[in-house]
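# Chains, contacts and geometry: an overview
This is what each chain is made of:
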Amino acid sequence: EAPGGPNHDPQAEPDESPVREVTVRPFLMAKHECTQAQWAALTNGERPSAYGRGAKVGGREVTDRNPVENVSWDDATLWLGRHRLRLPSEAEWEYACRAGTETPWFTGRDVAALGEVANLCDAYCKSHGGHPSWPYTEEVDDAHAVHAPVGSYRANAFGLFDVHGNVVEWCADWYGSYGDAPTDGTARTRQVGASDRVFRGGCWSNAAVLCRSAYRGGWPPSFRSGYLGFRPAFAP
């Protein structure tokens with residue numbers, strides 16, 4: 001899009017374009033990422049997180065209200081399905097994240113404004129054990145070195161918390177270009193030559209550029225990491 005205009009993002013990656021119109025059907029999505037307590041309840045006691053309840057990192061103690069991570073796409077899909085839930089489609093996720101905005105983050109274009117809404121790789125992380133090679137967004141200090149308890153920061157206009165940062169979130173789609181992606185808001189369930197599944201949202205070890213509303217990528221469905229979780233959705 002034209003510089004300075006709606007949907008213009010100077011940091012956009014090639015796989016984030018072109019801008020296109022998608023009609024999203026009614027759906028429900030959790031206001032925060034699945035917590036460690038919720039995952040244990042869904043799975044009859046599983047606690048896979050690399051930064052689990054009771055761990056102390058950067059002067060903060062991880063609690064049951066911190067997001068669960070180290071969960072694969074396969075496991076998230078399996079256990080959500082058993083409870084009549086699902087992962088959001090990529091289109092649903094971005095619609096929910098943006099909450100009607102057309103800027104790089106729902107807070108606008110100013111990186112410093114993310115300090116009120118996001119947990120990312122920031123000044124606090126750098127001074128509390130962050131890896132020296134990580135790219136830091138030092139304009140922000142979110143007071144956490146790893147993920148924060150859900151709801152620790154201000155929600156967007158739809159009442160959703162942590163859509164920028166905290167943990168990366170799985171989506172239902174196969175990862176691919178937008179050229180042949182569905183325009184009805186549903187997930188891409190087949191992509192020739194592809195094997196990865198989509199992730200969105202950025203995380204506590206990402207700089208602000210990787211926490212933008214449009215940022216996307218893909219990992220194998222069996223992939224697990226201490227910065228990767230999910231947010232449940234439901235189609236009424």
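In short, a report on the structure. Every value quoted in this text rests on a predicted model; they were computed, and no experiment measured them.

## Section: the sheet that holds strand β5 (residues 197-200)
Reading across from one edge, β6-β5-β4-β7 is the order of the 4 strands in this open sheet, with mixed pairing throughout. Looking at the sheet topology across the chains shown, the edges are occupied by β6 (216-219) and β7 (228-229). Two strands pair when backbone bridges link them, and strand β4 (residues 168-174) and β7 are joined in this way by 2 bridges, in the parallel orientation. Among the inter-strand pairings, E169 is bridged to a residue of β7, identified as G229.

## What about empty space enclosed by the protein?
Tallied over the entire structure, the rule returns 1 cavity of 30 Å³ or more. Per-class residue counts for the lining of the largest cavity are 5 nonpolar, 3 polar and 2 charged.

## Some remarks on the packing of aromatic side chains
With the rule as written, the count across this model stands at 11 aromatic pairs. Linked through ring pairs, W170, F199, Y215, W219, F223 and Y227 together constitute an aromatic cluster. Positioned above the aromatic ring of W174, the side-chain terminus of R197 is 4.1 Å from the ring centre. Above the ring of Y178, the side-chain terminus of R216 is found at 4.2 Å from the ring centroid.

## Concerning the pattern of salt bridges
Enumeration according to the criterion identifies 16 salt bridges in this entry. A salt bridge links D9 to R212; its shortest N-O distance comes to 2.7 Å. On the criterion of sequence distance, the pair formed by D9 in the segment before β1 (28-29) and R212 in the loop between β5 and β6 is long-range, its members being 203 residues apart. Take D9 and R212: they sit in the same class, and that class is buried.

## Remarks on the side chain of N156
With respect to the secondary-structure elements, N156 resides in the loop between α4 (123-127) and β4. Residue classification places N156 among the buried positions, given a relative accessible area of 6%. Apart from the residues lying within four places of it in its own chain, the contact partners of N156 are A96, C97, A99, F106 and V163.

## A word on the environment of F230
Positionally, F230 belongs in the loop between β7 and β8 (233-234). Judged by relative accessible area, which is 0%, F230 ranks as buried. In sequence terms F230 and R190 are 40 residues apart; their C-alpha atoms lie 21 Å from each other. Residue contacts for F230: discarding those within four places in its chain leaves E33, C34, W39, V68, V71, A76, L80, L87, V168, E169 and W170.

## Brief notes about the side chain of R197
For R197, the location among the structural elements is in strand β5. Lacking a salt bridge, the buried R197 has D74 as its closest oppositely charged neighbour, with an N-O distance of 5.7 Å. Of the polar contacts made by the side chain of R197, one reaches the backbone oxygen of S195; its length is 2.9 Å. In contact with R197, not counting residues within four places along its chain, are W73, W170, A172, D173, W174, Y175, G217, G218, W219 and P221.

## Some remarks on the environment of D173
By secondary structure assignment, the location of D173 is in strand β4. When near neighbours in sequence (up to four residues on either side) are disregarded, D173 contacts P88, S89, E90, T186, A187, R188, D196, R197 and V198. Within the structure, D173 has its side chain in polar contact with the backbone nitrogen of E90 (distance 2.6 Å).

## What to know about helix α3 (residues 90-98)
For α3, a buried count of 8 out of 9 residues is recorded, marking the element as mostly surrounded by other parts of the structure. Buried within α3 we find E90, A91, E92, W93, E94, A96, C97 and R98. One or two residues past the end of α3 sits A99, with phi positive at roughly 50°.

Rules used in this analysis
Residues numbered from 1 in each chain as written. Predicted model: local features only at pLDDT ≥ 70, side-chain atom pairs only at ≥ 80, totals over all residues. Heavy atoms only, no water. Pairing = 2+ DSSP bridges. Helix = DSSP H or I, 4+ residues; strand = E, 2+ residues; numbered from the N terminus. 1 Å grid on protein atoms, 1.4 Å probe; cavity = no way out; pocket = protein on both sides within 12 Å on 5 of 7 lines; lining within 4 Å. Points joined across faces, edges and corners; volume = space filled by probe spheres on them. Nonpolar A, V, L, I, M, F, W, Y, C, P; charged D, E, K, R; others polar. Phe/Tyr/Trp six-rings, centres within 6.5 Å; stacked < 30°, edge-to-face > 60°. Lys NZ or Arg CZ within 6 Å of the ring centre and 35° of its normal. Salt bridge = Lys/Arg side-chain N within 4 Å of Asp/Glu carboxyl O. Buried < 20%, exposed > 50% of the residue type's maximum accessible area, 1.4 Å probe, protein only. Contact = heavy atoms within 4.5 Å. Lys, Arg positive; Asp, Glu negative; His and termini not counted. Polar contact = N/O pair within 3.5 Å; in protein donor to acceptor, adjacent residues only side chain to side chain.

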